[in-house]
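Summary of structural features
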Amino acid sequence: MSVYFTHMEKIPFLIIGNHIMQIPVKVNGNEVKFLMDTGIGPTVLSRDFVEELSLKKVGTMIGKRMSGQELELPLVKVPSIEAGNLVRENLEVGIFDTSSFPPVLEEIKGILSIGFFKGSVLTMNYSGPFLEIIDTTARESQFDHGTRVPVEIECNGPSVSLYVKIKLPSGRLGKFEVDTGSDLLILNSKLMSELGVNHDDPNVESFKGTDETGHDYERFLAEMKGAIALDGYPDLMQENPKVIFQDIIHDGLIGHDFLKRYIVSYDIDHKEMIFHKR
């Protein structure tokens, strides 16, 4: 795989619904619509788009959903994917079934992961709204005044996931995946009683469903009393957030509802997120 930068430019993005980020991407020189999701794991293309491009399978990877279900993902290599000024060639990506997407996403051809931006610093400016990408070697002068937060990075083949430490109102420190593809804060249901949330409370909404793997789930929506904050950074906090509780393999996921209040830069090479106030 090769990577290079072209001219500097800002990439406008569109928020669909409450939190889904749509961006323009060029695949083999042709502009198409993608989603941007730091929690997706690997960059993926829709099954129909892979067939349209006549891409051949080069392998498989095994991943897990946040609820623990294993997924086997076929892999293909794409000659070229271009997002703004960042171009990657011969990139290994997964094949994703988009048949369950709602009609508003029917034109989506793929999803860019945070791993696509290795070797660069990706900035999400929600007040633009736009994305901006710079070479990681040129980052220092642009981020002198931000708050740098260390992140833990886990890789599984082409999949890259980011985690931060979050302090909960109970005082517990949790390991949270950074997931721009989620809206509200998601917490493991085992934390409900510790955080003073009772699933029998009439103010707590419950809903059941079945995901695309056939797994049945139950979720509880509540307003959590108190503040969450990035560990060691009390100013990067959110008071009384709305929370979804669910049986998941992580302590939690932090998503759009928290991140949108900042200009956030992601630097995988230096294992940092950099926060600026909007």
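Below is a summary of the structure that appears in this document. From a predicted model like this one, the values you see are computed outputs, not experimental measurements.

About the thresholds
Residues numbered from 1 in each chain as written. Predicted model: local features only at pLDDT ≥ 70, side-chain atom pairs only at ≥ 80, totals over all residues. Heavy atoms only, no water. Helix = DSSP H or I, 4+ residues; strand = E, 2+ residues; numbered from the N terminus. Buried < 20%, exposed > 50% of the residue type's maximum accessible area, 1.4 Å probe, protein only. Contact = heavy atoms within 4.5 Å. Areas by Shrake-Rupley, 256 points an atom, 1.4 Å probe, with all protein chains shown as cover. Lys, Arg positive; Asp, Glu negative; His and termini not counted. Charge placed at Lys NZ, Arg CZ, Asp CG, Glu CD. Pairing = 2+ DSSP bridges.

**Considerations on the overall build of the chain**
Secondary structure summary: the chain contains two helices and 25 strands in total. Expressed along its principal axes, the backbone C-alpha trace of the chain runs to roughly 55 × 45 × 30 Å. Within the chain, the fraction of its 278 residues that count as buried is 50%. Partitioning the intrachain contacts of the chain with sequence separation of at least 6 by distance along the chain shows that 62% fall at a separation of at least 24. Carbon and sulfur atoms provide 46% of the accessible area of the chain, an area that totals close to 13,200 Å². One way to put it: in the chain the 28 positive side-chain charges average out to a point 2 Å from where the 41 negative ones average out.

**A short note on the environment of Leu105**
Tracing the chain through its elements places Leu105 in the loop between strand E9 (86-96) and strand E10 (108-112). The contacts of Leu105, once residues within four sequence positions are left out, are Ile16, Ile20 and Leu35.

**Quick look at the pairing of strand E4 (residues 20-27)**
Strand direction decides the pairing type here: strand E3 (residues 14-16) and E4, joined by three bridges, are antiparallel. Paired with Ile16 across the bridge in E4 is Ile20. Between E3 and E4, which pair antiparallel one after the other, the connecting turn spans three residues, and Gly17 there sits at a positive phi close to 65°. In the sheet, E4 pairs with strand E5 (residues 30-36) via seven bridges, with the strands oriented antiparallel. Across the sheet, the residue bridging to Gln22 is Leu35, located in E5. With antiparallel pairing between neighbouring strands as the criterion, E4 and E5 make up a hairpin whose turn holds two residues, including Asn28 at a positive phi of roughly 55°. The sheet contact formed by E4 and strand E8 (residues 70-83) spans two bridges and is antiparallel. By the bridge assignment for E8, Lys26 is matched with Glu82.

None of this, on its own, says anything about what the molecule does.
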